[in-house]
Amino acid sequence: MQEPSAAVIKAWGRLIRAERVVVGRIEAELKNAGLPSLHWYDVLLELKRGPDGRLTPREIEEAGLFEQYNLSRLLDRMETEGLVHRIPFPGDKRRQLIEITDKGRALQERMWQVYGAAINRFIGAKLGEKEAGQLSTLLLKLVQE
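Bear in mind that the values here come from a model prediction, so they are computed numbers and not experimental data.

### What about the packing of aromatic side chains?
Counted by the stated rule, this structure contains 3 aromatic pairs. Relative to Trp112, the ring of Tyr41 lies with its centre 6.1 Å away and its plane at 25°, an arrangement referred to as stacked. One end of the pair, Tyr41, is in helix α2 (residues 38-49); the other, Trp112, is in helix α5 (residues 102-124), with 71 residues separating them in the sequence. Tyr41 gets classed as buried once you look at its relative accessible area, which sits at 4%. Relative to Tyr115, the ring of Tyr41 has its centre 4.9 Å away and its plane inclined at 80°; by these criteria the two rings are edge-to-face. Pair noted here: Tyr41 is in helix α2 and Tyr115 is in helix α5, with a separation of 74 residues, a long-range link. Here the aromatic cluster, defined as three or more aromatic residues joined through ring pairs, consists of Tyr41, Trp112 and Tyr115. If you follow Arg95 out to its NZ or CZ, it ends over the ring of Phe89, 3.9 Å from the centre. Positioned above the aromatic ring of Phe122 is the side chain of Arg121, whose terminal nitrogen or guanidinium carbon lies 5.2 Å from the ring centre.

And the structure:
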């Protein structure tokens, strides 16, 4: 096995640190505004984008990179808050659909006001359009197989 170069190791460390720092700052902004975490936002956004505001738990997992056991607990809490509800999957009693409610749509929009402003503050204010595009391109290379 060939060892990674010093530059690759440095890039890895900075990538991990940048993710932790920026996500931590954004999470703090949401918390200070009395809003739930980014995981809630991610689920609500994916549902809002889904056909008729509905997705299967599996589709939410794949879109948000959640692990099934974490998603189940999160959906339970979100259902208790009235943000989503479960409905039977047509033709298959073993499956279900998760549907966003009007309350869930409203929360996603409130969260975006804080989240979008935080993205601008912690990323947009530090990178020009060209740099943001370059970073986006480089990160895409890391997630493509």
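### A closer look at unusual backbone geometry
With phi around 60°, Asp52 is a residue other than glycine that occupies positive phi space. Along the chain, Asp52 falls in the loop between α2 and β1 (54-55). Relative accessible area serves as the criterion here: at 65%, Asp52 is assigned to the exposed category.

Definitions and cut-offs
Residues numbered from 1 in each chain as written. Predicted model: local features only at pLDDT ≥ 70, side-chain atom pairs only at ≥ 80, totals over all residues. Heavy atoms only, no water. Phe/Tyr/Trp six-rings, centres within 6.5 Å; stacked < 30°, edge-to-face > 60°. Helix = DSSP H or I, 4+ residues; strand = E, 2+ residues; numbered from the N terminus. Buried < 20%, exposed > 50% of the residue type's maximum accessible area, 1.4 Å probe, protein only. Lys NZ or Arg CZ within 6 Å of the ring centre and 35° of its normal.

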